[in-house]
Amino acid sequence: GENVEQHPSTLSVQEGDSAVIKCTYSDSASNYFPWYKQELGKGPQLIIDIRSNVGEKKDQRIAVTLNKTAKHFSLHITETQPEDSAVYFCAPSGGGADGLTFGKGTHLIIQP
Amino acid sequence: DAMVIQNPRYQVTQFGKPVTLSCSQTLNHNVMYWYQQKSSQAPKLLFHYYDKDFNNEADTPDNFQSRRPNTSFCFLDIRSPGLGDAAMYLCATSRDGLAGAIEQYFGPGTRLTVT
């Protein structure tokens, strides 16, 4: 099965600064790389994803980069805002309808 | 709005007393999942239904069962809850497509307390 490692476990940044979270995976067959955001008391919500035929994807302040050779992908958040405070999970998968194997999560704290 | 609904949001049960959590969806997705999320941990997949086909994870205890009577509803039954089963239970749905993995939509979860 997929072995997923996510770093750091906690990240505190000043409002307006950038945040980067890294996810490393083991299964070379993985071809789908999503990032989920979970706010307190809510279920996870997909914020951005990338497939293995693309190296980078951007959506406003959020971007994901993929290095398939090294088996890692990263979430980049620029111009952080208080509402970005949450726990972020990566969940690399082989596609299809199988359930997700999540990383352990990163608690992102935006300091005012 | 199309969504994933979980009831109840909070459930308290006694040690050993069977409990059922419910999930419904208006997305008409063919795949439904149940995850267990303990405090400060990542969600962990228990099982999923692909249409009517049940897929159990190898390490899901027998104490956990599931039913999916139709496309819209899915239930999680815990036959004899132990203190270690206290957690948030998340239901999710997805639409499996020819393009491969599709986004999973999560409900707000049911927080289970075992006394």
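Residues numbered from 1 in each chain as written. Chains lettered and ligands numbered in written order. Predicted model: local features only at pLDDT ≥ 70, side-chain atom pairs only at ≥ 80, totals over all residues. Heavy atoms only, no water.

Asks: Could you give an account of the overall build of chain B, naming the residues involved and the relevant values?
Replies: Each helix and strand counted, chain B has zero helices and 11 strands in total. Mapped from its N terminus to its C terminus, chain B presents α and β elements in the order β-β-β-β-β-β-β-β-β-β-β. Rg of the C-alpha trace for chain B: 14 Å, near the compact-globule value of 13 Å for 115 residues, within the 12% margin. A principal-axis box enclosing the C-alpha atoms of chain B has dimensions of 45 × 30 × 30 Å. For chain B, the proportion of its 115 residues judged to be buried stands at 48%. (Helix = DSSP H or I, 4+ residues; strand = E, 2+ residues; numbered from the N terminus. Rg over C-alpha atoms; globule rule 2.2 N^0.38 Å. Buried < 20%, exposed > 50% of the residue type's maximum accessible area, 1.4 Å probe, protein only.)

Asks: So, the interface of chain A and chain B: which residues are in play, and what are the values?
Replies: Contacts between chain A and chain B engage 20 residues on the former and 22 residues on the latter. Between chain A and chain B, the buried area comes to about 1,500 Å², and carbon and sulfur atoms account for 56% of it. When residues of chain A are sorted by the area they lose upon contact with chain B, A:Pro44, A:Ala97 and A:Phe102 head the list and together hold 29% of the total. Taken together, chain A and chain B are joined by zero salt bridges. Our count for the chain A to chain B interface comes out at four residue pairs in polar contact (both at pLDDT 80 or more). Mapped onto the side of chain A that touches chain B, the elements with two or more residues apiece are strand 4 (32–38) and strand 5 (45–51) of chain A. Per-element tally for the side of chain A that touches chain B: the top contributor is strand 4 of chain A, with three residues. Looking at the side of chain A that touches chain B residue by residue, the class counts come to eight nonpolar, eight polar and four charged. (Contact = heavy atoms within 4.5 Å. Buried area = accessible area lost by both parts, 1.4 Å probe. Salt bridge = Lys/Arg side-chain N within 4 Å of Asp/Glu carboxyl O. Polar contact = N/O pair within 3.5 Å; in protein donor to acceptor, adjacent residues only side chain to side chain. Nonpolar A, V, L, I, M, F, W, Y, C, P; charged D, E, K, R; others polar.)

Asks: Which residues make up the state of the cysteines, and what values go with them?
Replies: Throughout the structure, instances matching the rule amount to two disulfides over all chains. The disulfide partner of A:Cys23 is A:Cys90, and the S-S distance across this bridge is 2.0 Å. Judged by the sign of its S-S torsion, about 65°, the cystine formed by A:Cys23 and A:Cys90 is right-handed. Here the residue A:Cys23 occupies a position in strand 3 (residues 19–25), and A:Cys90 occupies one in strand 9 (residues 86–90), the gap between them amounting to 67 residues. Across the disulfide, B:Cys23 is cross-linked to B:Cys91 (sulfur-sulfur distance 2.0 Å). The chirality of the disulfide connecting B:Cys23 with B:Cys91 is left-handed, given an S-S dihedral of about -75°. Here B:Cys91 lies in strand 9 (residues 87–94) and B:Cys23 lies in strand 3 (residues 19–25), a separation of 68 residues in the sequence. On the accessibility criterion, B:Cys23 (1% relative accessible area) is buried. Residue B:Cys91 is classed as buried on the basis of its relative accessible area of 0%. B:Cys74 takes part in no disulfide bond, and the closest cysteine sulfur to it belongs to B:Cys91, at a distance of 6.0 Å. (Disulfide = S-S within 2.5 Å.)

Asks: Describe in detail the sheet that holds strand 5 of chain A, supporting the description with residues and values.
Replies: All names here are of chain A. Read from one edge to the other, the open sheet built from five strands follows the order 2-10-9-4-5, with strand pairing classed as mixed. Looking along the sheet, the strands with just one partner apiece sit at the ends: strand 2 (10–14) and strand 5. Averaged over all pairs of adjacent strands, the angle between their axes in this sheet comes to 20°, without regard to strand direction. When strand 4 meets strand 5, the two strands line up antiparallel, connected through six bridges. Opposite tryptophan 35, over in strand 5, you have isoleucine 48 as the bridge partner. (Pairing = 2+ DSSP bridges. Axes fitted to C-alpha atoms, helices over the stretch in contact; angles between N-to-C directions.)

Asks: Give me the pairing of strand 9 of chain A: which residues, what numbers.
Replies: Residue and element names in this part refer to chain A. In terms of burial, strand 9 is largely enclosed, as four of its five residues are buried. Judged from the four bridges that link them, strand 4 and strand 9 form a sheet pairing that is antiparallel. If you follow tryptophan 35 over to strand 9, its bridge partner there is cysteine 90. In this structure, strand 9 lies alongside strand 10 (residues 106–111), joined through three bridges in antiparallel fashion. Bridging across to strand 10, valine 87 finds its partner in histidine 107.

Asks: Explain the nonpolar core to me, and be specific about the residues and the numbers.
Replies: One finds A:Trp35, A:Ile47, A:Ile48, A:Phe73, A:Leu75, A:Tyr88 and A:Leu108 to be the most contacted residues of the largest nonpolar core, which totals 23 residues. If one sorts the elements of this core by residue count, strand 3 of chain A sits on top with four residues. Residues contacting A:Leu75, with those up to four places away along its chain left out, are A:Ala19, A:Val20, A:Ile21, A:Trp35, A:Ile47, A:Ile48, A:Ile62, A:Ala63 and A:Tyr88. Counting residues in hydrophobic clusters, the runner-up holds 18 residues, among them B:Met32, B:Leu46, B:Tyr49 and B:Phe64. (Core = buried A, V, L, I, M, F, W, Y, C linked by side-chain atoms within 4.5 Å.)

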